[in-house]
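Secondary and tertiary structure notes
Here are the chains, one letter per residue:
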Amino acid sequence: MFQVIQPERALYIQANNCVEAKDWIDILTKVSQCNKKRLSMYHPSAYLNGHWLCCKASSDSAAGCSPCTGGLPANIQLDVDGDRETERIYSLFSTYMSKLDKMQEACGSKSVYDGPEQEEYSGFVIDDPQETYKTLKLLAANVHTLEQEHAQYKKDKFMKTKYGSQEHPIGDKSFQCYIRQQSESSSYSI
């Protein structure tokens, strides 16, 4: 589990394993590296029962007690490929979309009906099921929008592709595979 600290509250994210957690932390560290409001200190524990478990500070907005990870010295130039990192984040969301959907159902059940927690999510507490539900719904909608735009792009590219052009010369095996894939996944023909 790790924290993403936002101005209004800390977001706790639980990964399936340490490798997945490291992937998330690496991506988020790179993406937020240029954030001028990036904090240098944080609370490594949760805020429960009116105080932080790490330093016992009573205010939920108290300054952190431990240095944040992932900071780079100021003299290092960081070259972040925003498109690539965004694609990695999208890939993680689309890979685990079924789990996010189940979690959204659990939040909906808990907030609307105060129903029982599903076994898959009984290992951790959802503090604010309504906000979590809204966030998950927004994530799902954005992933769906990206999938639609990507499908439209592929369709447009397929329609504009000319066999025998300089980009795809006659006899190009990769182009033939591309055509075969597109004709299998689409009702359009050449």
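Here, the structure is the one placed above.
Quick summary incoming for the structure in this document. (Residues numbered from 1 in each chain as written. Predicted model: local features only at pLDDT ≥ 70, side-chain atom pairs only at ≥ 80, totals over all residues. Heavy atoms only, no water.)

1. Considerations on the overall build of the chain
For clarity, the threshold we go by: Secondary structure elements are taken from DSSP: a helix is a run of H or I of four residues or more, a strand is a run of E of two residues or more, and numbering for both begins at the N terminus. The buried label applies to any residue whose accessible area, calculated with a 1.4 Å probe on protein chains only, is under 20% of its type's maximum; exposed applies above 50%, and partly exposed to all values in between. Residues count as neighbours in contact if any of their non-hydrogen atoms are within 4.5 Å of one another. In these tables, accessible area is a Shrake-Rupley quantity obtained with a 1.4 Å probe, and a residue counts as shielded only by the protein chains included in the view.
A tally of helices and strands in the chain yields five helices and six strands. In sequence order, the chain lays out its α and β elements as β-β-α-β-β-β-β-α-α-α-α. Across the 190 residues of the chain, 19% fall into the buried class. Across the chain, every contact between residues at least 6 apart in sequence was considered, and the portion connecting residues at least 24 apart equals 46%. Within the structure as shown, the chain displays about 14000 Å² of accessible surface, and the carbon and sulfur contribution to it stands at 53%.

2. What to know about the nonpolar core
This is how the line gets drawn: Nonpolar core, defined: a set of buried Ala, Val, Leu, Ile, Met, Phe, Trp, Tyr and Cys residues in which side-chain atoms within 4.5 Å join the residues together.
Membership of the largest hydrophobic core comes to 16 residues, with the highest contact counts inside it found for Trp24, Phe93, Leu100, Leu136 and Val143. For this core, the secondary structure elements donating two or more residues are α1 (18–32), α2 (82–95), α3 (97–113) and α4 (129–160). Excluding residues that lie within four positions of it along the chain, Val143 makes contacts with Tyr90, Phe93, Ser94 and Met97.

3. Looking at the pattern of salt bridges
The line we're drawing: The term salt bridge refers to a side-chain nitrogen of Lys or Arg lying within 4 Å of a carboxyl oxygen of Asp or Glu.
This model, assessed by the stated rule, comprises four salt bridges. Glu85 is the salt-bridge partner of Arg88, the closest N and O atoms lying 3.5 Å from each other. With Arg88 and Glu85 both in helix α2 and three residues apart, this pair spans about one turn of that helix. Of the residues examined, Arg88 reaches a relative accessible area of 29% and is grouped as partly exposed. The buried category is assigned to Glu85, whose relative accessible area is 5%. Put simply, Glu131 and Lys134 hold a salt bridge, and the shortest N to O gap is 3.6 Å. Note that Glu131 and Lys134 are positioned in helix α4 at a spacing of three residues, about one turn of the helix. Under the relative-accessibility criterion, Glu131 is labelled partly exposed at 29%. Each of Asp23, Glu85 and Arg88 takes part in a single network of salt bridges with overlapping partners.

4. Structural notes on the environment of Gln14
Topologically, Gln14 is positioned in the loop between β2 (10–13) and α1. Counting along the chain gives 13 residues from Gln14 to Met1, while the straight-line C-alpha distance between them is 4.1 Å.

5. Focus: the state of the cysteines
This is how it is decided: Cysteine sulfur pairs qualify as disulfides if the two atoms are within 2.5 Å.
One pass over the full model with this rule turns up zero disulfides. Free of any disulfide, Cys65 has its nearest cysteine sulfur in Cys54, 3.4 Å distant.

6. A short note on the environment of Cys55
By secondary structure assignment, the location of Cys55 is in the loop between β5 (51–52) and β6 (66–67). Of the residues examined, Cys55 reaches a relative accessible area of 33% and is grouped as partly exposed. Filtering out sequence-adjacent residues up to four positions away, Cys55 remains in contact with His43 and Cys65.

7. Things to note about the pairing of β2
Test applied: What makes two strands pair is DSSP finding at least two bridges between them.
For strand β1 (residues 2–5) and β2, the ladder comprises four bridges, and the chain directions are antiparallel. Bridged to Ile5 within β2 is Ala10. The hairpin turn running from β1 into β2, its antiparallel successor, is four residues long.

Nothing here speaks to function; it is geometry throughout.
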